[in-house]
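# Structure assessment
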Amino acid sequence: MRGAARRLLQVAVLLAIAGRPGLTIAQPTPVAGASAAALHLPHSAAEVHVDGVLDDPVWKDAVVIDLTTETGPGENVPAPVETHAYLVEDGTRLLVAFDARDPHPETIRAYLRDRDRAYNDDFVGIVIDSFNDRRYAFEFFANALGVQMDLTNDDVSQRESDSWDAIWDSAGKIDGRGFVVEMAIPLSQLRFRNTDGERVWGIDVLRFRPRSDRTRISNNALERGRNCYLCQLGRLQGLEGVEAGKNLQIVPSLTASRGESRADPLVDPWQRDGKTDVGLNVRWGVTEALTANLALNPDFSQVEADVAQLDINQPFALFYPETRPLFLEGADYFSTPIQAVFTRTVADPRIGAKLTGQPGDSTLGAFAAEDEVTNLLIPGPQDSSTTSLDQSNTAFVGRYSHNTSGGAQLGALFTSRSGAGYHNQVGGLDGLIRIGGRHTLRAQFLLSDTAYPTATATTFAQPQGAFDGAARLLRYSFNHRDWYADVEYHNYDAGFRADSGFLPRVGIEQTDYQGARVWQRSTGDRAWKQIQLGTQGVTTYSVDGSMLDRNTNAFMSFNGPMQSYTRIDVGPASRVWNGQRFDGNGKTVFSQLRPRGGLNVQMFVRYGDEIDFENTRLALERRYRPNVEWNVNQHLLLRLQHTKATLTAKTGPRIFEANLTDLRVTWQFNVRSFIRFTTQRQDVERNLAMYTDPTTQAHSLTVGTQLLYAYKLNPQTVLYVGYADAGLEDDRMVDVLHTNRTAFAKLSYAWLR
């Protein structure tokens, strides 16, 4: 193992340093906005009606915060427009209002959308570090029509996620002076410690104004290139005598589906299937810092269709993000540098329980589930396989991290899945150190113990009986307003498995890096906003020391008018496949443009050498992926993504042509309800003369459609009604034949206590 002992020593040293109490080298120094005197949050008993009109007497009692600083793309320059925020509390809610002035209100970009989907609009909001520890924050935003977006911000892992959903009220209206937004955020939706006297929270009050630039406006200065964001927040003082509460939510649900399916439409008869389930989800604030979730007979089905991905000529398993609400909430509590936790591995649980929170200087997350199906990702150094066992398993994940007074972190992770003749356990430590405001060191070390059922081990050429392995990661990051660099080292033993995560490649030692010089224009007309020139590369060896792949790219990126962004990568690549080494070159271009409100156009192009993995030869790949998102008006949204890929022999004809289309048409009735039609179509044409496998089909076509109606009173009180079907066509058929069709409905209602 190349250098394994030396790197293990590095991991041990880094973890030891991260765990030292009182470490001060990583302590972030607040900038001026964070060190200023704290604002006082007043209390008011006056009534408020959240309707987007500032005519309620409660706002006369509020503290007024003026958003005077543009922090992006300009660096702490005077704001181009006038914005006033009003903050007050009434004992149970934090009340926030915005008077967002605009000299050209006709240019305001705002559309009716589903929640967490209005990031390209004009919107305003507040970031709250309710523990005042500069580690974790809640974010509440609303666009000019009141469409909600709520997120969590884990500043340690530098991960912002909108998977968290709170229950709160908002409303927005556009008028002749700009727009007004009102918010009422129940304090029970936040976590904060009960204490005597007044509390101090970190706070950032924000407005985003997208025109030719996407302007970020705040009440705080923001130093570009620092390795922390929450350390730069201002402070809000108040809430004396207010308790966090228990935040009890009881959400019963009813799901029903009726359908029929057949694996082979030419041979198999239709199999009818019907299912009706009653479920219960309980969320309870056990303490002010810990929240428990219990799901009985939960509906974990996906309502929305995954974004389609082209799976031809792909040696590794494709990644599909988690979409199920119970697992999405608090997902950042389980995040580590190595993706050893991926909740989509829990396929069909009978019962699930979860505990998350921030007791003291620690962060804690744990969940357990009884799963009816055991899905496996079997990794290797050059490819991966997937399979599903028709047997149940018990899954558990536990994550704990401690944050020192100096801003460092020491964490531990344990995962377990076990069933008949099968088990996988993973455990280990990770650490993080921030040095000043520019340098960050991360490390992780994991051990696994695994045993597959005998039939599975035989089919996939895996070890018989129990086997083990280790995984190691080291990462150094440097951030500066004019430079950045990142170097990362991975080492995964051939016997390492993370069945509760997503790790499609093991038996490798990999080093990757990237770095760039950044030119930023902060003032003037900003015809260009940012230019980057840099390089990045990845080198992968097998654990026996032989090279598997290497690529090195030079890149340039450019931010210009109309929120445009273009990046060009050029460089050589080498890869070993089936014992042969292939050398080539490639070019990729990604470009994005927002020429007007509601219209976003993207294009990805790749041209260069690629391996034909099925036939073991070097070929020429052309890949095009246009993507258009267009709000035709405030209600109608069109999303179209198309991928076209062709592979041609270097000295011969075309090997295949593949086309994949994902079209979604949404009519948003209001902020609570929409109807959406989705169709996905993948069409592959192969030249059989270029294939060595005689069973290869010349043509394959799969088509799927879905019609979905959704009504969301809030994130937990929802109604879904829909229909979905799928069909296929291949060399044996002259037309598309259905393989399944299903009608489904889901109803849930949230009681808050």
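What counts and how
Residues numbered from 1 in each chain as written. Predicted model: local features only at pLDDT ≥ 70, side-chain atom pairs only at ≥ 80, totals over all residues. Heavy atoms only, no water. Helix = DSSP H or I, 4+ residues; strand = E, 2+ residues; numbered from the N terminus. Rg over C-alpha atoms; globule rule 2.2 N^0.38 Å. Buried < 20%, exposed > 50% of the residue type's maximum accessible area, 1.4 Å probe, protein only. Contact = heavy atoms within 4.5 Å. Areas by Shrake-Rupley, 256 points an atom, 1.4 Å probe, with all protein chains shown as cover. Lys, Arg positive; Asp, Glu negative; His and termini not counted. Charge placed at Lys NZ, Arg CZ, Asp CG, Glu CD. Polar contact = N/O pair within 3.5 Å; in protein donor to acceptor, adjacent residues only side chain to side chain. Disulfide = S-S within 2.5 Å. Salt bridge = Lys/Arg side-chain N within 4 Å of Asp/Glu carboxyl O. Patch = residues over 30% accessible without salt bridge, like charges linked within 9 Å, V, L, I, M, F, W, Y side chains within 5 Å.

## Quick notes on the overall build of the protein chain
- Regarding its fold elements, the protein chain presents 4 helices and 42 strands.
- Scaling as 2.2 N^0.38, a compact globule of 753 residues should have a C-alpha radius of gyration of about 27 Å, and the protein chain matches this with 27 Å.
- Seen through its principal axes, the protein chain has C-alpha atoms that stretch 80 × 60 × 55 Å.
- Within the protein chain, buried positions represent 52% of all 753 residues.
- Sequence-distant contacts, at least 24 apart, represent 60% of the contacts inside the protein chain between residues at least 6 apart.
- On the protein chain, roughly 31200 Å² of surface is accessible, and the fraction owed to carbon and sulfur atoms is 56%.
- Taking the average location of the 77 positive side-chain charges in the protein chain and that of its 88 negative ones, the two points are 4 Å from each other.

## Looking at the environment of Arg481
- Within the element layout of this structure, Arg481 appears in the loop between strand E27 (467-479) and strand E28 (483-492).
- Overall, Arg481 belongs to the partly exposed group, its relative accessible area being 28%.
- Sequence spacing of Arg481 and Gly225 is 256 residues, and the spatial spacing of their C-alpha atoms is 4.3 Å.
- For Arg481, the side chain forms a polar contact with the side chain of Glu75, separated by 2.3 Å.
- Side chain to side chain, Arg481 and Asp482 meet in a polar contact 3.2 Å long.

## Comments concerning the state of the cysteines
- Throughout the structure, instances matching the rule amount to 1 disulfide.
- The partner cysteine of Cys228 in its disulfide is Cys231, sulfur to sulfur 2.0 Å. Handedness of the Cys228-Cys231 disulfide follows from its S-S torsion of about 60°: it is right-handed.

## Notes on the pattern of salt bridges
- Evaluated as defined, the whole model comprises 42 salt bridges.
- Glu629 is paired through a salt bridge with Arg113; the nearest N and O atoms lie 3.6 Å apart. You can see Glu629 sitting in strand E35 (residues 617-631) and its partner Arg113 sitting in the loop between strand E6 (93-101) and strand E7 (123-129), a full 516 residues away along the chain.
- With relative accessibility at 5%, the residue Arg113 sits in the buried group.
- The shortest N-O distance in the salt bridge between Asp482 and Arg481 comes to 3.2 Å.
- One connected set of salt bridges, linked through shared partners, spans Glu75, Arg224, Arg481, Asp482 and Arg517.

## Some thoughts on a nonpolar patch on the surface
- A grouping of Ile250, Leu254, Val278, Tyr711, Leu713, Leu719, Val721, Leu747, Tyr749 and Trp751 is seen on the molecular surface, where their side chains present a nonpolar patch of about 850 Å² in accessible area.
- Contributing elements (two or more residues each) for the nonpolar patch: strand E16 (249-261) and strand E40 (718-730).
- Topologically, Trp751 is positioned in strand E42 (residues 751-752).

## Description of the side chain of Gln682
- Mapped onto the elements, Gln682 comes out in strand E38 (residues 673-686).
- Judged by its relative accessible area of 15%, Gln682 falls in the buried class.
- At 3.3 Å, the side chain of Gln682 and the side chain of Asp311 are in polar contact.
- Setting aside chain neighbours within four positions, we find Gln682 in contact with Gln309, Leu310, Asp311, Asn659, Leu660, Ser700, Leu701 and Thr702.

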